[in-house]
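Descriptive structure summary
In case you want the letters, here they are:
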Amino acid sequence: MGIREQLHPQSQGQQTYLPPACYTMSTKEKKQFCHCLKNVKEGYSSNIKSLVSVNDLKLVGLKSHDCLVLMQQLLLVAVRGILPKKVRVAITRLCFFFNAICRKVIDPKQLDDLENEAAIILCELEMYFPPSFFDIMVHLIVHLVCEIRLCGPVFLRWMYPVER
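Turning next to the layout of surface pockets. By volume, the largest pocket is sized at about 1200 Å³. Around the largest pocket sit 34 residues that line it, and Cys67, Met71, Leu94, Phe98 and Phe133 are the ones nearest its centre. Going through the elements one at a time, helix H1 (27–38), helix H2 (64–78), helix H3 (85–101), helix H5 (136–139) and helix H6 (141–151) are the ones with two or more residues in the lining of the largest pocket. Ranked by residues supplied to the lining of the largest pocket, first place goes to H2 with six residues.

This is the structure:
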């Protein structure tokens, strides 16, 4: 069908090689990502650096607020020099979208633009990430703007003050 030809298996003698996808990080890139998060100022977002395992190259024990801060602010910086530009732009747009919907004051005139932006971001992500990435949680991004229209700004319904 000619879809994503750069990911098709390639024969190398007796063996078949599967090239990595554009969002796949090498071990070196994972180390850079983890070191970037490990060097975040202490005390920020429940001490995010304690949640980074540099040895295992993983993020462990993230709570919902940690994920929010990671998506809004830290992911932008951490993937800056690691991923290819097209993937980085899609992730950056997603982070900007989360920043826009989490503001304390939202202009109702911008809600249509935010709704369109959510659809465009999901289309961009579909171009680079596999279908298995798109579970129900990723799909809910489309409905966040409608929820803001019905219920008001997101920060009024956050569970973080209740959890504290």
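That covers the picture; the talk isn't over yet.
The end-to-end C-alpha separation of helix H4 (residues 111–128) is 26 Å, in line with the 26 Å expected for 18 residues at 1.5 Å each. Residues of H4 that are buried: Leu111, Leu114, Ala118, Ile121, Leu122, Glu124, Leu125 and Tyr128. For H4, the buried positions fall inside an angular range of 160 degrees around the axis, keeping them on one side. If you follow the buried residues of H4, they end up packed against H3, H5 and H6.

Okay, the environment of Val77 next. The residue Val77 is located in helix H2 in this model. Between the C-alpha atom of Val77 and that of Asp112, which follows or precedes it by 35 residues, the distance is 28 Å.

A few words now on the pattern of salt bridges. According to the stated counting rule, one finds four salt bridges in the structure shown. For Arg149, the salt bridge is made with Asp112, and the minimal N-O distance between the two is 2.4 Å. In this pair, Arg149 is assigned in helix H6 and Asp112 in helix H4, connecting sequence segments 37 residues apart. By relative accessible area, which is 46% here, Asp112 ends up partly exposed.

This brings us to the packing of H2 against H3. Two elements in contact, H2 and H3, have axes whose closest approach is 8 Å; the angle formed by their N-to-C orientations is 150 degrees. Between H2 and H3, the interaxial angle falls into the category roughly antiparallel. Handedness of the crossing formed by H2 with H3: left-handed. Of the residues in H3, those in contact with Met71, Gln72, Leu75 and Leu76 of H2 are Ile91, Thr92, Leu94, Cys95, Phe96, Phe98 and Asn99.

On inspection of all chains with the given rule, the structure shows four aromatic pairs. Between Tyr23 and Phe129, the ring centres sit 4.9 Å apart and the planes meet at 25 degrees, which makes this aromatic pair stacked. With Tyr23 in the loop between strand E2 (15–17) and H1 and Phe129 in the loop between H4 and H5, this residue pair connects regions lying 106 residues apart in the sequence. Judged by centre distance (5.1 Å) and plane angle (90 degrees), the ring pair of Phe133 and Phe134 falls under edge-to-face. When its relative accessible area of 36% is taken as the criterion, Phe133 is described as partly exposed. Through a chain of ring-to-ring contacts, three or more aromatic side chains come together here, namely Tyr23, Phe129, Phe133 and Phe134.

Rules of the game
- Residues numbered from 1 in each chain as written.
- Predicted model: local features only at pLDDT ≥ 70, side-chain atom pairs only at ≥ 80, totals over all residues.
- Heavy atoms only, no water.
- 1 Å grid on protein atoms, 1.4 Å probe; cavity = no way out; pocket = protein on both sides within 12 Å on 5 of 7 lines; lining within 4 Å.
- Points joined across faces, edges and corners; volume = space filled by probe spheres on them.
- Helix = DSSP H or I, 4+ residues; strand = E, 2+ residues; numbered from the N terminus.
- Expected span 1.5 Å × (residues − 1).
- Buried < 20%, exposed > 50% of the residue type's maximum accessible area, 1.4 Å probe, protein only.
- Arc of directions from axis to C-beta.
- Contact = heavy atoms within 4.5 Å.
- Salt bridge = Lys/Arg side-chain N within 4 Å of Asp/Glu carboxyl O.
- Axes fitted to C-alpha atoms, helices over the stretch in contact; angles between N-to-C directions.
- Parallel < 35°, antiparallel > 145°, perpendicular 65-115°, else oblique.
- Left-handed = near helix turned anticlockwise from the far one by under 90°.
- Phe/Tyr/Trp six-rings, centres within 6.5 Å; stacked < 30°, edge-to-face > 60°.

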